[in-house]
Amino acid sequence: MPYPSTSDAIEASLQGLVTTFPSLCTRTAFPNTTNSVGMMPRTYSFLKIGKGSGAARPAMLAVAGLHAREWAPPDAAVTFAGNLLTAYTGGAPFTIPAFTDSAGTIHGPVVTPAGTVKAIIEHMDLYLVPIANPDGRAFCMAAPANKMWRKNRAPLPPPFNPALIGVDLNRNFDIAWDFDTYYSAAAAADPNFSAHTSKDPIRDVYIGSSVFSVNETKNIKWLLDNFPITYFIDLHSFTGMVMHPWGIETLQTSDAAKNFHNAAFDHLRDGKLGAAYEEFFPNNAPSKLLDRHNALVTAMHDNIKDATGADYTIGTSADLYPCTGTSDDYAFSRQFLAPGAPAMYAFSVEFGDASEGFQPTPAQYPKVEREVHAALLAFVRYVGIWQGLVPSVVAPSSPSSKICFIATAAFGSADHPDVRFLRSWRDALKERRSTRNAIRLLEAAYSQVSPSIAQYLSEHEQARRVVRMYLLTPLISMLRRLFGGIAHNAN
Amino acid sequence: MPDLITIQGDVASVRSLTDIATLEIIDDTGKLIDQNTAIVAAFADDAAKAAVQARGLTVNLIKTEAQYEADIQQAYEAISNVPYDFGGNV
């Protein structure tokens, strides 16, 4: 296993993907090379995955490695691409293998059906930037003394000072970047903000000399400017959080005047000091922006929990801490500055936990990798469902639904009373120590075959009727007679 | 000897920790557990841990300094310049 990969190895892996799957992906160099102290300018690339073309294809952008020291997400982004393309080519599901946690509990496997993989590849475009800060990563990996390096390696404006190198890329995007103008003086000085965002070049969280002052952030902007991307996700580590905007403020859905580009509120916004100002987050139909953001962070959380048992926190970026100039807030904000722009959905995820840290050991990495894959699969699957490209009947709607693939397909809904009964019966047995492992093993075996059966059923009414009449109805009747109350008497 | 710890407790108290000299909070690790409770990762020596606990905050040891350094060493030793192999041409 190559983890942790150097920046060069990640770039070579992208080329390897293009060589292996030439009809399914392309690699394109960014227009701007890096510009780093003591390093040659580096050309680096993004990957586009998708078969076919057309203006109606939803386009998603996943970015990893903005912060140099966060080693796991870039590798996991590369293996996600490889596993997705391998699954498609083989007509197979994308299976995240089962994981045994430190308590001996088995989680997963998490299976994304072959039909969903096919829909993703054939009807959607996925842009992937696995390493957005290649020189920062190279510096960080050069010696253990550099292990906490976060920024890029750009020289700061003259006069040159060797102690002052680099910009925090995830503070350099054009969203409330000049926080002294955006916030009140008290909010800008609030330690909960100033600990995480700074105009002092020596700090890890230095915002840069101007908005988009460095080539790495210019390149992300270029991607968003030149491709019809309406779904964005930024992959970080390590606090176990799944987040959506806003990061600049707490949010509200009723007062459209309170928005980041309304100069009337300059110097008045209060960050997280109070509720006098909260950033507008529209939730009106048909986009239902907030509802859909909440649905997708929940889906990512659930898929991660299914995969490894890790219970990530769900929230807004400001729940982590308020900050300005971040990639997800920027991507999200663009729709409000261009009249008629399509709705944009943006997310960021902090993978892992403190024991794994910024640099998981090779033994720890497979867990984090599974969590990255689980989040990305939920991300692309939900985009597909919203776009009507992925049949929701086979898309798990909750962490406990995968054993019910076939029942869901046969009854036509995950909310059918008989499907709910099966789920609760299964969940109750999983809660019991005496039956937990047996059910998990059964579930693991079942989930290998059930998605393809469910896919078939979803397309054949006659088969659904047969399965309902001769398999599920008698089975459910028997279970209700034998164990009717079990779901209410677990533990 | 700084160990890797997490600190959990009420938000205001966690925010006030910046005055403890030998406590190095890792900038981007703070998060809210609920409206009133925050958690943050930090490097701390024994004095810093005691000072944190004296403020009513919960300290959990994640790794001793020795374990942390050993893990970092493992990660560095594994750095690979070999690209992933996705099975060759298909």
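Keep in mind that this is a model prediction, so the values were computed, not measured.

Considering unusual backbone geometry
Residue and element names in this part refer to chain A.
Argument step 1. Cis geometry marks the peptide bond from proline 158 to proline 159, where omega comes out at 0 degrees.
Argument step 2. If you trace the backbone, proline 159 turns up in the loop between α4 (134-142) and α5 (179-182).
Argument step 3. Geometrically, the link from proline 245 to tryptophan 246 is a cis peptide bond, its omega value of 5 degrees lying close to zero.
Argument step 4. Position of tryptophan 246 among the secondary structure elements: in the loop between β10 (241-244) and β11 (251-252).
Argument step 5. Although it is not a glycine, phenylalanine 212 sits at a positive phi angle of roughly 50 degrees.
Argument step 6. With respect to the helices and strands, phenylalanine 212 occurs in the loop between α7 (191-194) and α8 (215-226).

Description of the interface of chain B and chain A
Argument step 1. Contact with chain B, which involves 33 residues of that partner, is made by 56 residues of chain A.
Argument step 2. Of the roughly 3,600 Å² buried where chain B meets chain A, counting both sides, 60% is carbon and sulfur surface.
Argument step 3. Connecting chain B to chain A are one salt bridge.
Argument step 4. With a shortest N-O distance of 3.9 Å, A:Lys147 and B:Glu69 are connected by a salt bridge.
Argument step 5. In this assembly, chain B and chain A are joined by 13 residue pairs in polar contact (both at pLDDT 80 or more).
Argument step 6. For the side of chain B that touches chain A, the elements supplying multiple residues, two or more each, are β1 (3-10), β3 (31-34), β4 (37-44), β5 (58-63) and α3 (65-77) of chain B.
Argument step 7. In terms of residue count, the dominant contributor to the side of chain B that touches chain A is α3(B) (eight residues).
Argument step 8. Here the side of chain B that touches chain A is composed, by residue class, of 17 nonpolar, nine polar and seven charged.

Looking at the packing of aromatic side chains
Two aromatic rings, taken as a pair, are described by how far apart their centres are and by the angle between their planes.
Residues and elements named next belong to chain A.
Argument step 1. Taken as a whole, this structure holds 34 aromatic pairs over all chains when the rule is applied.
Argument step 2. Centroid distance tyrosine 3 to tyrosine 365: 4.0 Å. Interplanar angle 5 degrees. Geometry classified as stacked. Taken together, the residues span a long stretch of sequence, with tyrosine 3 in the segment before α1 (7-20) and tyrosine 365 in helix α12 (residues 365-386) at a distance of 362 residues.
Argument step 3. Its relative accessible area of 1% is what places tyrosine 3 among the buried residues.
Argument step 4. A cation over an aromatic ring shows up here: arginine 153 above the ring of tryptophan 149, its NZ or CZ 4.7 Å from the ring centre.
Argument step 5. Positioned above the aromatic ring of phenylalanine 212 is the side chain of lysine 221, whose terminal nitrogen or guanidinium carbon lies 5.9 Å from the ring centre.

A short note on the side chain of A:Glu369
Residues and elements named next belong to chain A.
Argument step 1. With respect to the secondary-structure elements, glutamate 369 resides in helix α12.
Argument step 2. For glutamate 369, which is buried and forms no salt bridge, the nearest opposite charge comes from arginine 370, at a distance of 5.4 Å.
Argument step 3. Dropping the residues within four chain positions of it, glutamate 369 is found in contact with Ala76 and Thr79.

With respect to the packing of helix α2 (residues 72-90) of chain A against helix α3 (residues 114-123) of chain A
Residue and element names in this part refer to chain A.
Argument step 1. At a minimum axis distance of 9 Å, the contact between α2 and α3 shows a crossing angle of 105 degrees. It follows that α2 is roughly perpendicular to α3 by the angle criterion. Residues Leu84, Leu85, Ala87 and Tyr88 of α2 touch α3, and the partners they reach there are Val117, Lys118, Ile120, Ile121 and Glu122.
Argument step 2. Taken together, the residues that form the contact of α2 with α3 break down as seven nonpolar, no polar and two charged.

Describing the environment of A:Met39
Residue and element names in this part refer to chain A.
Argument step 1. The topology assignment puts methionine 39 in the loop between β1 (25-29) and β2 (45-49).
Argument step 2. In this structure methionine 39 comes out as partly exposed when scored by relative accessible area, which is 26%.
Argument step 3. For the pair formed by methionine 39 and arginine 153, sequence separation is 114 residues and the distance between their alpha carbons is 8.8 Å.
Argument step 4. Contact partners of methionine 39, with chain neighbours within four places excluded, come to Asp135, Ala138, Phe139 and Arg153.

As for the pattern of salt bridges
Argument step 1. What the rule picks out here adds up to 21 salt bridges over all chains.
Argument step 2. Across the pair A:Arg137 and A:Asp75 runs a salt bridge, and its minimum N-O distance is 2.8 Å. Here the residue A:Arg137 occupies a position in helix α4, and A:Asp75 occupies one in helix α2, the gap between them amounting to 62 residues.
Argument step 3. Overall, the relative accessible area of 1% leaves A:Arg137 in the buried class.
Argument step 4. Here B:Asp71 makes a salt bridge to B:Lys63, at a shortest N to O gap of 2.8 Å.
Argument step 5. Overall, B:Asp71 belongs to the buried group, its relative accessible area being 8%.
Argument step 6. For B:Lys63, a relative accessible area of 8% translates into the label buried.
Argument step 7. The structure contains a network of salt bridges with shared partners spanning A:Asp8, A:Arg42 and A:Asp135.

Concerning the confidence of the model for chain A
Residues and elements named next belong to chain A.
Argument step 1. When pLDDT is averaged along chain A, the result is 88; 82% of the residues meet or exceed 70.
Argument step 2. Confidence over residues 393-403 falls short of pLDDT 50; this stretch has 33 contacts with residues more than four positions distant or in other chains.
Argument step 3. Within the model, the stretch residues 485-491 combines pLDDT values under 50 with 13 contacts to residues more than four positions away or in other chains.

Quick notes on the rules
Residues numbered from 1 in each chain as written. Chains lettered and ligands numbered in written order. Predicted model: local features only at pLDDT ≥ 70, side-chain atom pairs only at ≥ 80, totals over all residues. Heavy atoms only, no water. Helix = DSSP H or I, 4+ residues; strand = E, 2+ residues; numbered from the N terminus. Contact = heavy atoms within 4.5 Å. Buried area = accessible area lost by both parts, 1.4 Å probe. Salt bridge = Lys/Arg side-chain N within 4 Å of Asp/Glu carboxyl O. Polar contact = N/O pair within 3.5 Å; in protein donor to acceptor, adjacent residues only side chain to side chain. Nonpolar A, V, L, I, M, F, W, Y, C, P; charged D, E, K, R; others polar. Phe/Tyr/Trp six-rings, centres within 6.5 Å; stacked < 30°, edge-to-face > 60°. Buried < 20%, exposed > 50% of the residue type's maximum accessible area, 1.4 Å probe, protein only. Lys NZ or Arg CZ within 6 Å of the ring centre and 35° of its normal. Lys, Arg positive; Asp, Glu negative; His and termini not counted. Axes fitted to C-alpha atoms, helices over the stretch in contact; angles between N-to-C directions. Parallel < 35°, antiparallel > 145°, perpendicular 65-115°, else oblique. pLDDT = per-residue confidence, 0-100.

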